[in-house]
Amino acid sequence: MKSETGFDPALLDRFPTKGPRPDDELARLEEAWRAPKGWGLLTAVNNNYIGTFYVGAAFLFFLLAGVLALVMRVQLALPLQGVLPQETYNQFFTMHGTLMMFLFAVPMMEALGVLLLPQMLAARDLPFPRLSAYAFWAYFVGGTCFFLSLFFGLAPNGGWFMYPPLTGTTYSPGINADFWLLGIGFIEISAIAGAIEILVGVLKTRAPGMTLARMPLFAWAMLVFAGMILIAFPAVILATLLLELERALNWPFFDATRGGDPMLWQHLFWFFGHPEVYIIFLPAAGLTSMMVSALARTPLVGYQLVVLALLATAFISFGVWAHHMFTTGMPTLSIGFFAAASMAVSLPAGVQVFAWIATLAVGKPRCNTPTLFVIGGLVTFVIGGLTGVMVAMVPFDWQVHDTHFIVAHLHYVLIGGAVFPVFAGLYYWTPMMSRRALSERLGKWVFWLMFAGMQVTFLPMHLTGMMGMPRRVYTYLPGMGLEPTNLVSTAGAFMIGAGVALFVFDLARNFRFAVEGTAGNVYGGGTLEWLPTGLYSTRSIPVVRSREPLWDQPDLARDVDEGRYLLPGTATGLRETIITSPIRAEPQYLQIMPGPSAWPLLGALFTAGFFLLLTVQAYTPAVISGVLAVPSIMRWLWDTDRTVAEPEVDVGGGIRLRTYATGSGTHGWWAMVMLLVVAAMVFLMTVFAFLFVRGVHPEYWSDYGGKGWALPVVGLYAGAAGLVWLGRYLLRREGSTHWSPATQVLLAGATIALAWAVDFTGWRGTGFDPELSAQGALVMAFLAQQGLLAAVALLMVLYLAARTSRNLIVRPRSVTLDVVSLFLLYAAAQGAVTALITRLVPGGW
Amino acid sequence: MRAWAIVLGGLAVWAAHFFVLYGIASAMPGRVGARWLVLIVTLAAIAADGLILWRTIGAGRRADALEAWIARLGGLGAALSLVAVVWQAAPAVAM
């Protein structure tokens with residue numbers, strides 16, 4: 001067998017080991033992974049706790065959004081109802097959509113990832129547990145405050161996609177829209193943090209032997225999901241920032257009278273918004289693939305084709321954003337391309353559906369609650385998929401655009417493709433984290449109420465839409481033939497509500513959180529999450545030899561629990577996990593992991609405070625909160641990148657692994673690369689915006705001159721990059737004690753800041769005004785982005801200097817220096833490209 | 001990185017083809033030249049997919065189990081991409 005890293009795969013044949021284990025081994029492991037108690041739980045970072053909090057919070061937002069939906073359905077049950085005034089109705093449907101998409105669907109998938117992945121991969125935890133905690137608290141605090149705005153009449157009211165000019169200051173003068181723009185922008189940052197955690201976790205913390213070909217499909221799905229978040233979410237972050245800047249500073253990005261364009265918002269929003277649908281669907285598909293196999297008691301049919309389908313869906317989903325814009329007058333040829341891609345995306349979805357059907361057909365499925373939800377989801381999703389192909393046909397889309405037909409379609413897709421699989425998953429995996437499983441008897445009632453309610457609500461809604469009822473209207477006139485279908489839809493909505501209420505009752509009655517002594521593998525799954533676990537995940541980390549190890553290795557659970565595989569205790573007395581290679585999952589080194597801490601919580605609170613206080617225009621407290629967030633985050637980071645006395649330790653079977661690693665294979669390096677992908681996507685989207693408005697409104701563009709400034713700016717950035725390389729080079733040399741390598745990096749950070757200042761000064765000298773035209777506004781947006789990078793670069797080099805002063809930068813290579821260098825190089829590159837693009841794209845071609 | 005390039009190569013060709021087509025359609029709306037450009041880009045994408053397909057079929061025969069699995073996945077991706085590229089270009093050719 002070949003090796004990816006030089007590790008001899010034959011070494012893994014030593015497991016399971018024989019002979020007795022040391023008496024205190026398990027006690028030491030438990031001590032290292034002990035979770036805080038009482039109020040201290042707020043500082044917990046173990047994935048069991050954070051994952052459960054996360055799932056609970058996402059489910060809470062689902063309930064709240066569901067209640068809003070019920071009130072809306074009451075309003076629409078009969079014509080001219082007076083339950084909700086028009087303005088409140090606007091806030092309700094905006095909140096319903098926003099909560100479901102941003103605060104339930106995506107976070108629920110991330111939550112399930114945080115909860116399930118370490119166990120499925122047999123890692124001790126995800127690689128950045130404090131980042132998980134930060135992501136959760138930021139999401140929970142931000143989401144709660146966002147929802148509460150409803151009670152003050154301040155909730156956003158422009159629809160979940162917030163199109164300008166409706167959401168500009170002319171038509172939305174209050175702060176309602178700002179709540180959405182700042183709140184959602186902030187929550188998306190939390191989603192990106194979670195995605196980086198999941199990506200690195202899946203690639204680097206799999207159990208030895210779990211090659212790409214043996215990965216659980218949920219892990220594949222989460223890998224694709226997280227990758228899509230990194231590519232898609234920057235678009236909406238940029239869009240929300242631009243619209244907020246337009247509202248706050250009068251910079252006309254979307255104002256057609258000053259060279260901006262409202263279509264720019266739609267492009268940016270839907271470049272995020274349509275992949276978002278698949279970002280929600282793919283993890284649910286991963287859950288379904290795993291459950292179908294376990295419930296049918298047979299391996300999944302077409303594993304490799306399903307992997308291909310996940311990857312293909314991700315790629316194609318980025319080519320369908322404009323099918324939401326068929327009625328906006330785009331060029332005919334463009335419309336043709338988007339229509340073709342929109343139809344093509346049904347192919348990979350179809351592959352998965354057929355794989356599930358085939359697995360159920362060849363296996364021996366039992367009629368239990370998860371099976372019912374899986375099949376119900378399948379049926380519902382297929383109906384939604386078919387109407388999706390219908391609306392991919394441009395002439396048909398023109399007829400039903402913005403009608404209740406679309407509402408029906410999207411609910412079929414999202415409820416069938418995500419909500420039912422999540423409910424199936426809640427039934428299926430609850431025994432993994434609860435002393436008792438949920439009730440099968442009640443579960444079947446829950447399913448039938450929800451399934452029947454779903455069809456009763458949304459099937460007639462297709463007709464309502466075909467009869468011409470538009471979306472987002474708070475009432476309708478009698479005598480238009482809309483009464484019967486609307487009344488039936490309302491009745492169906494209450495059936496769904498009854499099903500969900502029954503589920504909550506079941507949850508209250510049976511769910512009892514536990515890490516040990518759980519109900520266990522009730523449905524007979526074959527993957528690693530069903531191994532016996534504690535707060536440390538599995539007692540020892542198994543060697544994986546197939547896709548369903550529990551089915552193929554009958555003694556695996558016993559051997560793992562007796563510590564007969566890798567890392568049967570704690571090798572250093574600290575929290576640790578094995579980092580493996582991304583393709584073949586060969587052990588590379590031992591990661592020392594940080595324990596509980598209040599700093600991620602404080603960091604999240606202050607970050608949330610910054611955004612929320614900004615929303616209510618409390619600028620001074622917002623700045624204070626933002627400033628406090630910085631040291632909180634730095635303090636949390638201070639405990640990471642630590643070395644221990646032993647450079648190598650025995651992880652079992654005589655295999656010795658390093659306790660510190662640097663360079664391009666480390667988990668920290670991977671995380672920084674992914675962060676830079678996000679930064680690069682924000683930048684690319686800004687370039688798109690720049691070229692888009694230049695192409696649409698060239699008459700508003702001027703040649704400001706000042707091209708000569710590009711040369712010194714680019715030169716300074718090149719100098720900064722050179723200093724970074726010099727610093728890294730000097731760190732590798734033993735004799736560089738007098739002139740610390742951190743000094744070069746410090747100088748590099750200062751040079752980046754100087755380059756930005758020169759660039760900015762150059763523009764100020766030309767007399768351009770960002771309020772006058774979209775060109776000026778976009779130049780300022782570029783400069784603001786680069787200014788942010790320069791500020792972060794300065795903070796990073798100061799952090800590096802502080803660590804150097806405490807002798808925490810290790811020779812010959814340091815992870816902190818590696819990641820700071822990477823960031824500085826990127827900042828320099830983006831700065832140079834910014835200087836060139838803003839000056840060289842002609843003003844009057 | 002080589003393994004990821006094999007797995008994602010075909011799909012990347014499809015994505016590149018799509019975005020170039022979108023760029024052409026946006027920059028040259030309504031012009032006949034746009035259709036010829038689309039045709040040229042499509043032929044290039046088909047060639048790239050064909051190359052990946054040919055390479056992965058060859059690699060699949062020689063490699064160990066995991067490499068063969070990766071090559072097969074890459075080959076399937078390239079085959080899917082081939083279909084998607086032709087389908088994608090159809091509006092420009094047919095309209």
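Per chain, residue numbering runs from 1 following the sequence as it is written. Think of it this way: whatever chain is written first is A, whatever ligand is written first is 1, and the rest follow in order. In keeping with the model being predicted, local features are shown solely for residues with a pLDDT of at least 70 and side-chain atom pairs are shown and tallied solely at 80 or more, while totals for entire chains, interfaces and linings include all residues. Here the side-chain values reflect all heavy atoms present in the structure, with hydrogen atoms and water set aside.

> I'd like a description of the domain arrangement of chain A, backed by residues and values.
Residue and element names in this part refer to chain A. Domain parsing of chain A yields domain 1 (51-510), domain 2 (596-638) and domain 3 (677-840). The interface of domain 2 with domain 3 comprises four residues on the first partner and six residues on the second. A 1.4 Å probe defines the accessible area here, and the buried area is the portion of it lost by two parts on being joined, summed over both. Across the interface of domain 2 and domain 3, roughly 490 Å² is buried in total on both sides, 79% from carbon and sulfur atoms. The term salt bridge refers to a pairing of a side-chain nitrogen on Lys or Arg with a carboxyl oxygen on Asp or Glu at a separation within 4 Å. One can count zero salt bridges joining domain 2 with domain 3. A 3.5 Å cut-off defines polar contacts: any pair of N or O atoms within that distance qualifies, except that in protein one atom must be a possible hydrogen donor and the other a possible acceptor, and neighbouring residues in sequence count only when both atoms are side-chain atoms. Across the contact surface, domain 2 and domain 3 share two residue pairs in polar contact (both at pLDDT 80 or more). Across the side of domain 2 that touches domain 3, the residue classes tally to four nonpolar, no polar and no charged. Where a domain begins and ends is set by an automatic assignment or by a domain database. In this analysis, two residues are considered to be in contact whenever any of their non-hydrogen atoms come within 4.5 Å of each other. Classification convention: Asp, Glu, Lys, Arg as charged; Ala, Val, Leu, Ile, Met, Phe, Trp, Tyr, Cys, Pro as nonpolar; all other residues, Gly among them, as polar.

> How would you sum up the packing of helix 2 (residues 47-77) of chain A against helix 13 (residues 404-433) of chain A? Please name residues and give values.
All names here are of chain A. For every element, the axis is a line fit to its C-alpha atoms; helices are fit only across the contacting stretch, and the angle between N-to-C directions ranges from 0 to 180 degrees. The helix and strand labels rest on DSSP assignments: H or I over at least four residues marks a helix, E over at least two residues marks a strand, and numbering proceeds from the N terminus. Here helix 2 crosses helix 13 at 145°, and the two axes come no closer than 13 Å. Where helix 2 crosses over helix 13, the handedness of that crossing is left-handed. Taking contact as the criterion, the partners of T52, V55, F59, F62, R73 and L76 in helix 2 are, on helix 13, H404, V419, F423, L426 and M433. Taken together, the residues that form the contact of helix 2 with helix 13 break down as eight nonpolar, two polar and one charged. Handedness of a crossing is defined here by the sense of rotation of the near helix relative to the far one, left-handed for an anticlockwise turn of less than a right angle and right-handed for a clockwise turn.

> Give me a positive patch on the surface: which residues, what numbers.
All names here are of chain A. Patch building starts from residues that exceed 30% relative accessible area and form no salt bridge, then joins like charges within 9 Å and nonpolar side chains (Val, Leu, Ile, Met, Phe, Trp, Tyr) within 5 Å. Every accessible area reported is derived by Shrake-Rupley at a probe size of 1.4 Å, with residue values counting cover from the shown protein chains alone. Counted charges follow a simple rule, with Lys and Arg positive, Asp and Glu negative, and His plus the chain ends left uncounted. To locate a charge, take NZ of a lysine, CZ of an arginine, CG of an aspartate or CD of a glutamate. Residues R436, R441, R509 and R512 make up a contiguous surface patch of positive charge. Looking at the secondary structure, you find R512 in the loop between helix 15 (483-510) and strand 1 (533-534). Relative accessibility under 20% of the residue-type maximum defines a buried residue, over 50% an exposed one, and the middle range a partly exposed one, all with a 1.4 Å probe and only protein chains included. Given a relative accessible area of 35%, R512 falls into the partly exposed group.

> Which residues make up the side chain of T570 of chain A, and what are the values?
The residue T570 of chain A is located in the loop between helix 17 (556-561) and strand 3 (575-580) in this model. For T570 of chain A, a relative accessible area of 7% gives the class buried.

> Describe the pattern of salt bridges, naming the residues involved and giving the relevant values.
Residue and element names in this part refer to chain A. A full pass over the atoms with the stated rule returns 20 salt bridges over all chains. With a shortest N-O distance of 3.1 Å, R34 and E31 are connected by a salt bridge. Taking the relative accessible area as the measure of exposure, E31 reaches 47% and is therefore partly exposed. One salt bridge connects E648 with R656, and the closest N-O pair in it is separated by 3.5 Å.

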